[in-house]
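The primary structure of each chain is shown beneath.
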Amino acid sequence: MKKCKIILPVTGKSEEEILSQAKECAISACDVVEWRYDLAENVNLPQMLLQLKEMLNGKKLLFTIRTKRQGGAFPDDLKQYCEKIQTAVEYGVDYVDIEDSTEGTAQEQLVAAAHRKKVKVIASYHDFHGTDTQEGILHKLRSLRDTGADIVKTAYMPTSAKDVATLLYATAAFREEDRGQHELITMSMGELGKISRVSGPVFGSDYTFAALNSVSAPGQMPLEDVQKILAYFS
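Just so it is clear, the model here is predicted, and its values are computed rather than measured.

Re the side chain of Ser 28
Next up, step 1: Here Ser 28 is to be found in the loop between α1 (15-26) and β2 (32-36).
Next up, step 2: Residue class for Ser 28 comes out buried when judged on its relative accessible area of 15%.
Next up, step 3: At 3.3 Å, the side chain of Ser 28 forms a polar contact with the backbone nitrogen of Cys 30.
Next up, step 4: Residues in contact with Ser 28, not counting those within four places in the same chain, are Leu 8, Lys 59 and Leu 223.

Right, dumping it as structure tokens:
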């Protein structure tokens, strides 16, 4: 069974907090480190990217800006958003997250720019208010795939166990339909959705998010617990 890779978020506000968290991630058993730039304050972006790349000991670096409309802290300012993504691409991150709500041709341009630099693109969508139907989730995954991204990501907030099951069923259905051409990240958030964060090897999600000392989304579980549970499926 294919291994589900673990992503650890760096969520610090100050340069000191960011580097301290990154140092812990670098010596952990994670596969990818996500820097949540939207949570940082008064940080020099190019300088921090260089420091992180040097510090992470060969681990892959994912650059994410989560805007307010998708549950983050970054202003819904398209120009600023694109400028920061472009900078991260130019400074050689391994992955970049591009929200599906990025308007107009900006999304196409960002995907193309990332691919020119051999940076993998995660096309992402987050719904913190509920969970769509199975067909609705499949439609969203297909639309994310159509952006030209390498990895498609959806996260929904469940209000019942049925919502979690719907997300998992849609994940398996998309995996079969896509025939493994694209990597996949899906999850149900919150306490109800925890099972979705460790069932990747069974239902088809290629990555999951865990936490060391801080979480970047509701329902994230400690790294050690995620490792132990995933080990049973491998």
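Now that the structure is up, let's keep going.
Remarks on the side chain of Asp 97
Next up, step 1: The topology assignment puts Asp 97 in strand β4 (residues 95-99).
Next up, step 2: At 2.8 Å, the side chain of Asp 97 and the side chain of Ser 124 are in polar contact.

What to know about empty space enclosed by the protein
Next up, step 1: On inspection of all chains with the given rule, the structure shows one cavity of 30 Å³ or more.
Next up, step 2: As for the largest cavity, its lining consists of Thr 67, Arg 69, Pro 75, Asp 76, Asp 77, Leu 78, Tyr 81, Glu 99, Ser 101 and Thr 102.
Next up, step 3: In the lining of the largest cavity, the residues fall into three nonpolar, three polar and four charged.

Thoughts on helix α3 (residues 78-90)
Count 3.6 residues to each turn of an α-helix, and residues three or four apart come out pointing the same way.
Next up, step 1: Helix length check: α3, at 13 residues, gives a terminal C-alpha distance of 18 Å against a target of 18 Å (1.5 Å per residue), a fit within 8%.
Next up, step 2: N-capping of α3 is provided by Asp 77, with a side-chain oxygen placed 3.2 Å from the backbone N of Lys 79.
Next up, step 3: Following α3 by one or two positions, Gly 92 has its phi on the positive side, about 80°.

Comments concerning the pattern of salt bridges
Next up, step 1: Going through the model one piece at a time under the given rule, you end up with 16 salt bridges.
Next up, step 2: Residues Glu 99 and Arg 66 are paired through a salt bridge, measuring 3.1 Å at the closest nitrogen-oxygen approach. Note that Glu 99 is positioned in strand β4 and Arg 66 in the loop between β3 (60-64) and α3, a separation of 33 residues in sequence. For the residue pair Glu 99 and Arg 66, the accessibility class agrees, reading buried in each case.
Next up, step 3: Taking the shortest distance from any N to any O, the salt bridge between Arg 175 and Asp 206 comes out at 2.4 Å.

Quick notes on the pairing of strand β1 (residues 5-10)
In summary, the side chains of a regular strand alternate between the two faces of the sheet.
Next up, step 1: Counted residue by residue, β1 has five buried out of six residues, so it is predominantly covered.
Next up, step 2: In terms of strand pairing, β1 meets strand β8 (residues 207-211) through three bridges, oriented parallel. Opposite Ile 7, over in β8, you have Phe 209 as the bridge partner.
Next up, step 3: Examined bridge by bridge, β1 and β2 share four bridges and lie parallel to one another. The residue of β2 that forms the bridge with Ile 7 is Val 32.
Next up, step 4: For the crossover from β1 across α1 to β2, the handedness is right-handed.

Analysis parameters
- Residues numbered from 1 in each chain as written.
- Predicted model: local features only at pLDDT ≥ 70, side-chain atom pairs only at ≥ 80, totals over all residues.
- Heavy atoms only, no water.
- Helix = DSSP H or I, 4+ residues; strand = E, 2+ residues; numbered from the N terminus.
- Buried < 20%, exposed > 50% of the residue type's maximum accessible area, 1.4 Å probe, protein only.
- Polar contact = N/O pair within 3.5 Å; in protein donor to acceptor, adjacent residues only side chain to side chain.
- Contact = heavy atoms within 4.5 Å.
- 1 Å grid on protein atoms, 1.4 Å probe; cavity = no way out; pocket = protein on both sides within 12 Å on 5 of 7 lines; lining within 4 Å.
- Points joined across faces, edges and corners; volume = space filled by probe spheres on them.
- Nonpolar A, V, L, I, M, F, W, Y, C, P; charged D, E, K, R; others polar.
- Expected span 1.5 Å × (residues − 1).
- Salt bridge = Lys/Arg side-chain N within 4 Å of Asp/Glu carboxyl O.
- Pairing = 2+ DSSP bridges.
- Right-handed = clockwise from strand over helix to strand, strands pointing away.

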